[in-house]
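# Descriptive structure summary
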Amino acid sequence: ATPSGPYDAVIIGGGPGGYVAAIKAAQLGLKTACIEKRGSLGGTCLNVGCIPSKAMLNNSHIYHQTKHDIQKRGIDVSGVSLNLPQMLKAKDQSVTGLTKGIETLFKQNKVDYIKGAASFISPTRISVQLLEGGETEVEAKNVIIATGSEVAPFPGGAIEIDEQQIVSSTGALELQEVPKKMVVIGGGIIGLEMGSVWSRLGAEVTVVEFLGAIGGAGIDEEVAKQFQKTLAKQGLKFKLNTKVLSADKQDGKVIIKTQSAKGDKEETLDADVVLVAVGRRPYTEGLNLDAAGIEKDNKGRIVIDDQFNTSVKNIKCIGDVTFGPMLAHKAEEEGIAAVEYIHSGHGHVNYNGIPSVVYTHPEVAWVGKTEQELKAAGVKYNVGKFPFAANSRAKTNLDSEGFVKFLSEAETDKILGVHIIGPNAGEMISEGVLAMEYGASSEDIARTTHAHPTLSEAFKEAAMAAYGKPIHF
Ligand code: FAD
Ligand code: NAI
């Protein structure tokens, strides 16, 4: 076939990493194509990740609040009931609206959207199995691989995901009925977010976690403890230091065998639905990386240098399929930086300034170092903490669980980390990220006016506590 192009930049994958890279490349005047095989843009995040899970989190929260928490606010309602098909429909509509929106952005920015599966023929030539049938070839001066990740299967094949009764996050976003009993394997972000959704909708949820704390990698230990207490109050049950060995379907139920982390105790649980949330892994199937000579490491991640270059000169790689946290905003920042390297030879991502947010209620959010990391590195630091229970707005909102915690360098007062559990933590953390980007001290934040009455005053007062004393606590 005669290849189309040559393109200045071909992006493989239309997720948050790939689509943002494609738009940025086109904006910088590069002739750009984006190849995506899913049939819709937005990748894992928009189709089966961030967006549908947040739709379910938000609406299940409203349902739960209306049912259990609204009378004390002076609102009497009766006959509150769940319309799950409508909730799922609302979720699907938010997904479709946003994925279609990216198609419009592609048109506006003149990105060629090639619908099909990409496979390397050589470093500069890519074959595409078109979704509509047939094949085409694309010629590229530069390629950015952004093929993302997929659900990691349970180790050793001991649990088979059928997406009906034994589900991954994808199936957990599609359950047509509220399970009576749900067991969640893995107390990481997916387990806690999806566990919260189904618990609020009425399921009895037990989270089994191998480690001694919930929240996944990078969470501050003090926050993790508070987080667990809060979720337990909401009805979630936890089995920590416990490893799931197997889950088998039996007479309409799933029987789950667990073992204590030490290996001295075994137990059997039963559930109507099991969610397997033990992590995700890089996805490179069908890409034919060998034809281009691209290296992977032993975890299947495409190996890159600090300028996103793979082992092949004209091919870069970003997002979940390479190193670093598997987060949409991390993939997006890398997409922009990788394109800037192609365009001008310079780009930058500050990996110490990538926030994490768990969208439960209350939310949990953090950026920078945890206390345990600072201790391990022998850094002397100050801690400034302020509880939402002492914040006027949180009190008036009847939503005052949690705290803000600042970690600043003892000698210089420079902010090293911010950890929040509380209402709107996910929005509030941006201020911490910005402060750290500008190398701010906690005194800088403490001396910055924050509007009253807002939740963000808790942020300011935690900063005050880090370098001196807060006023309201
Ligand atoms: P992806 O989004 O995985 O996109 C890769 C795309 O490449 C896919 O669409 C795939 O079809 C396509 N592709 C793969 N191979 C080929 C090929 N050979 N040819 C053509 N196309 C190909 N992150 C957050 O930051 N916030 C959240 O709230 C959040 N919530 C999540 C909730 C869930 C349930 C899950 C599963 C994930 C969540 N994430 C969240 C993580 C987030 O989805 C990922 O970090 C993000 O999607 C990674 O972007 P990416 O562009 O690297 O890859
Ligand atoms: P994760 O890595 O966050 O958590 C998996 C958990 O499962 C770990 O705590 C691990 O100790 C535990 N585990 C592993 N094997 C086990 C076993 N046999 N028995 C019991 N526990 C076991 O992975 P998760 O939750 O699947 O999420 C995948 C990725 O998706 C995350 O890395 C995150 O980056 C991304 N994500 C981000 C979200 C956000 O930003 N809000 C939301 C959802 C996902």
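All residue numbers refer to positions counted from 1 along the written sequence of the respective chain. Think of it this way: whatever chain is written first is A, whatever ligand is written first is 1, and the rest follow in order. Reporting of local features is limited, given that this is a predicted model, to residues whose pLDDT is at least 70; pairs of side-chain atoms are given and counted only at 80 or more, and all residues count toward the totals for whole chains, interfaces and linings. The basis for every side-chain value is the complete set of non-hydrogen atoms in the structure, without hydrogens or water.

Attention now goes to the overall build of the protein. Along the backbone of the protein there are 14 helices and 21 strands. Our radius of gyration looks at C-alpha atoms and nothing else; its globule reference is 2.2 Å times the residue count to the power 0.38. Against the 2.2 N^0.38 benchmark of 23 Å for 473 residues, the protein shows a C-alpha radius of gyration of 24 Å, consistent with a compact globule. Along the first, second and third principal axes, the C-alpha set of the protein runs to 70 × 60 × 50 Å. Think of it in three bands: with a 1.4 Å probe and only protein chains considered, a residue is buried below 20% of the maximum accessible area for its type, exposed above 50%, and partly exposed in between. Out of the 473 residues in the protein, the part that is buried amounts to 52%. Carbon together with sulfur atoms contributes 50% to the accessible area of the protein, which is approximately 21,600 Å² in total. Only four residue types enter the tally: Lys and Arg on the positive side, Asp and Glu on the negative side; His and the chain ends are excluded. To locate a charge, the coordinates of NZ of Lys, CZ of Arg, CG of Asp or CD of Glu are taken. Of note, the protein has its 49 positive side-chain charges centred 3 Å away from the centre of its 56 negative side-chain charges. Think of it this way: any DSSP run of H or I at least four residues long counts as a helix, any run of E at least two long counts as a strand, and we number them from the N terminus. Computed with the Shrake-Rupley method and a 1.4 Å probe, the accessible areas treat only the protein chains shown as cover for residues.

Glancing now at the site of ligand 2. Within the structure, ligand 2 sits among 23 residues, and Glu193, Glu209, Gly279, Met326 and Val357 are positioned closest to it. For this analysis, a polar contact is any N or O atom pair within 3.5 Å, provided that within protein one partner can donate a hydrogen and the other can accept it, and provided that sequence-adjacent residues contribute only side-chain to side-chain pairs. Between isoleucine 189 and ligand 2, the recorded distance is 3.3 Å, taken from a backbone N or O atom to an oxygen atom. Within the backbone of glycine 279, an N or O atom sits 2.9 Å from an oxygen atom of ligand 2. Notes on ligand 2: free accessible area 850 Å², of which the protein chains cover 80%. For the shell around ligand 2, the secondary-structure elements that each account for two or more residues are helix H6 (189–200) and strand S11 (242–250). Lys, Arg, Asp and Glu make up the charged group, whereas Ala, Val, Leu, Ile, Met, Phe, Trp, Tyr, Cys and Pro make up the nonpolar group; the residues left over, Gly among them, are polar. Residues belonging to the shell around ligand 2 are distributed by class as follows: 14 nonpolar, four polar and five charged. Neighbouring residues are identified by heavy atoms, a residue being near a molecule or strand if any of them is within 4 Å of it.

This paragraph deals with the state of the cysteines. What counts as a disulfide here is a pair of cysteine sulfur atoms lying within 2.5 Å. Under the defined criterion, the tally for this structure stands at one disulfide. Each sulfur of the disulfide joining cysteine 45 and cysteine 50 lies 2.2 Å from the other. Linking cysteine 45 and cysteine 50, the disulfide has an S-S dihedral of approximately -130° and is accordingly described as left-handed. This cysteine, cysteine 34, is not joined by any disulfide, and cysteine 317 carries the nearest cysteine sulfur, 14 Å off. Judged by its relative accessible area of 0%, cysteine 34 is buried. Judged by its relative accessible area of 0%, cysteine 317 falls in the buried class.

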